[in-house]
Each structure stands twice: as structure tokens, then as C-alpha cells.
Amino acid sequence: MAKSNLLQVGLALCLALAAPFAWAQPAPAQAAPAAPPSAQAIPPAGQPAPLQLPELQFFVLPNGLRVYFMEKPGVPVADVRLWVRAGTAVEAPEQLGLAQLVALLLERGAGARSDTAFQAARDQLGVALSASSGVEACKLELYGHVRKLPQGLALMRDMVAAPRLDSATLERVRKDQLRNIYRYTKYVGAMANEALKQLVMGFRHPMGRLPEGRVETLKSFTVAGVRAFHKKFYVPSNAALVV
């Protein structure tokens, strides 16, 4: 091999051997991060801004409905809630689960609309409209843009004043509630909570009952009984509207 070629090979070999050592050199030490400011350097909190709520208006309509109204200009949404004293507290022992069953039926067709037609009307309007039952009352809630408020209130009116409450819808909702009770009994924690409520409050107290009711009472409900419960409790004088 020529002397010049030998020098080139030797230089390349030296560079190849030196490369790993060059990469293995430790990175230069970085400066330690600055210490956080002391507590004395943090400025004290200012005074909280005063809470200014709009004026709450209250009036009673000629039909006996109590209305609580609060308007905040500039807010483009409306939150409407109708409270009806038709919770588990008004149930007789043979009616356990009827309050929640009626509340669920309110969403399953109202006025001239069937179950599917009512759901479609609500979805096309773009509002949230639902009904639920608790211990003291059934709550109907409407939430959406203020421009949709008149149409939304019309749907809410049909829900509370003219629900379909037909036999086919009753059977569907009844089956859903029976399945819920069956699933509920499969959870040890849920059963322990139910036993504790009955131990503390007693079975006859509304707080000691399962809102879904019992299998034997759910199976006994008829369309006539459901409509009688609705007619008795879903009246203007037994409700309050909060807007």
C-alpha cells in the first residue's frame, strides 16, 4: 500500500475511534433553577368583588301557580324549572315507585306528539328538556337559548298538562324500571346503602324507600292509576315555576 494511502487509512481510523469518545463527553453543567419567591413576596389577595344579583320577582298566577323570576340582561340562555310536589313523599305504601314512573312517562309523548315525535321535536329545537323525581318533588327542567324559550315552554306545558300516559308506553317504562331494580340488587354496596336507609329512617319514611319502588308495586300499576296520580298532583296550585 502506498504511503499516502496508509496515512489516509490511519487518519480515518483515528477519527472513527475518537467519535464515540467525543459523544460520550458529559454535557456541560446547567445552572440550578432559581429559587421560588418567598411567601413575603406574594402580594396579598384583594377584596372580593361584590355579588350583585338581579332582583328576584315573585307573583302568583290566577290558576295558583307560584312564579319566581330573575332576569340577567346580556345572558342569552334561559333556565326554567317547574317543581311539582309529587315525589316519593306523597306515595301510599301500595304506590311505591309510582312518582318516578309518572315523571319518566312525562317525556314519553305529550299533547298530539307520540314518544318518538316528542323526542324529535325537542332535539330539533336544540334545548335540554327532562323530568325527574325525588323525595319531595318532581322537577321538569328546560335549558336553552332565550330565542327558543317560547317553543320550549310549549313542550314543557304539554309534558305537565297533557302527557300521553298510554298503555304501550307504560309497559316500556315499567320494564325499564324493573330492569333497574334487578341491576340494583346485584351491587352489594347499593344493597347495603338501602339497608342502612331503612334501618335509620324506616321503611315507611320517604327517605328510607327506593325511588324505583318494588317489583310487586311496579307490576300492579295500571294506566288508570297512573292517570289518577297525575290528575291529583300535577295541578298549578301544587307547583312552582322558577325562571
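Scroll up for the structure.
Keep in mind the model is a prediction, meaning the values are calculated, not measured. (Residues numbered from 1 in each chain as written. Predicted model: local features only at pLDDT ≥ 70, side-chain atom pairs only at ≥ 80, totals over all residues. Heavy atoms only, no water.)

### Let's talk about the packing of helix α2 (residues 98-105) against helix α5 (residues 167-184)
In plain terms, the rule: Geometry is summarised by axes, namely lines fitted to C-alpha atoms with helices restricted to the contacting stretch, and by angles between N-to-C directions that run from 0 to 180 degrees. Think of it this way: any DSSP run of H or I at least four residues long counts as a helix, any run of E at least two long counts as a strand, and we number them from the N terminus. Working rule for angles: under 35 degrees goes down as roughly parallel, over 145 as roughly antiparallel, 65 to 115 as roughly perpendicular, anything else as oblique. Each helix crossing is assigned a hand: it is left-handed if the near helix lies turned anticlockwise from the far helix by less than a right angle, otherwise right-handed if that turn is clockwise. In this analysis, two residues are considered to be in contact whenever any of their non-hydrogen atoms come within 4.5 Å of each other. Here the nonpolar group is Ala, Val, Leu, Ile, Met, Phe, Trp, Tyr, Cys and Pro; Asp, Glu, Lys and Arg are the charged ones; every other residue, Gly included, is treated as polar.
Relative orientation of the contacting elements α2 and α5 amounts to 125°, with a least axis distance of 10 Å. As summarised for this structure, α2 and α5 are arranged oblique, according to the angle between their axes. Crossing of α2 over α5 shows right-handed handedness. On α5, the residues that touch Q100, L101, L104 and L105 of α2 are T169, L170, V173, R174 and Q177. Split by residue class, the contact of α2 with α5 holds 5 nonpolar, 3 polar and 1 charged.

### A word on the pairing of strand β1 (residues 57-60)
Worth spelling out the cut-off: Only strands joined by at least two bridges in the DSSP assignment are considered to pair.
Pairing between β1 and strand β2 (residues 66-69): 4 bridges, direction antiparallel. Its bridge partner lying in β2, F59 is registered against V67. Hairpin remark: β1 followed by β2, antiparallel, with 5 residues in the connecting loop; positive phi at G64, about 100°.

### Quick look at the pattern of salt bridges
Convention followed: Salt bridge, as used here: a side-chain nitrogen of Lys or Arg that lies within 4 Å of a carboxyl oxygen of Asp or Glu. Accessible area is worked out with a 1.4 Å probe on protein chains only. A residue is then buried under 20% of its type maximum, exposed over 50%, and partly exposed in between.
The full count for this structure, using the stated rule, is 12 salt bridges. Residue R122 pairs with E107 through a salt bridge whose shortest N-O separation is 3.4 Å. Of this pair, R122 sits in helix α3 (residues 115-125) while E107 sits in the loop between α2 and α3, and the two are 15 residues apart along the sequence. Under the relative-accessibility criterion, E107 is labelled buried at 15%. A salt bridge links R157 to D158, with the nearest nitrogen and oxygen atoms 3.5 Å apart. One connected set of salt bridges, linked through shared partners, spans R108, D115, R172, D176 and R179.

### Quick word on the packing of aromatic side chains
Condition: Centre distance within 6.5 Å is the pairing criterion for rings of Phe, Tyr and Trp, where only the six-membered ring of Trp is used; planes under 30 degrees apart are then read as stacked, over 60 as edge-to-face, and the remainder as tilted.
Inspection of every chain in the model, using the stated rule, returns 2 aromatic pairs. For the ring pair F58 and Y68, a centre distance of 4.7 Å and an interplane angle of 40° mean the geometry is tilted. Placement of F58 in strand β1 and of Y68 in strand β2 is noted, with a sequence separation of 10 residues between them. According to the relative accessible area criterion, F58 is partly exposed, its value standing at 45%. In this structure Y68 comes out as partly exposed when scored by relative accessible area, which is 28%. Here the aromatic rings of F229 and F233 are separated by 4.8 Å at their centres, their planes lie at 50°, and the arrangement is tilted. With a gap of 4 residues between them, F229 and F233 both fall in helix α8 (residues 223-233), about one helical turn apart. Owing to a relative accessible area of 3%, F229 belongs among the buried residues under this scheme. With a relative accessible area of 13%, F233 lands in the buried category.

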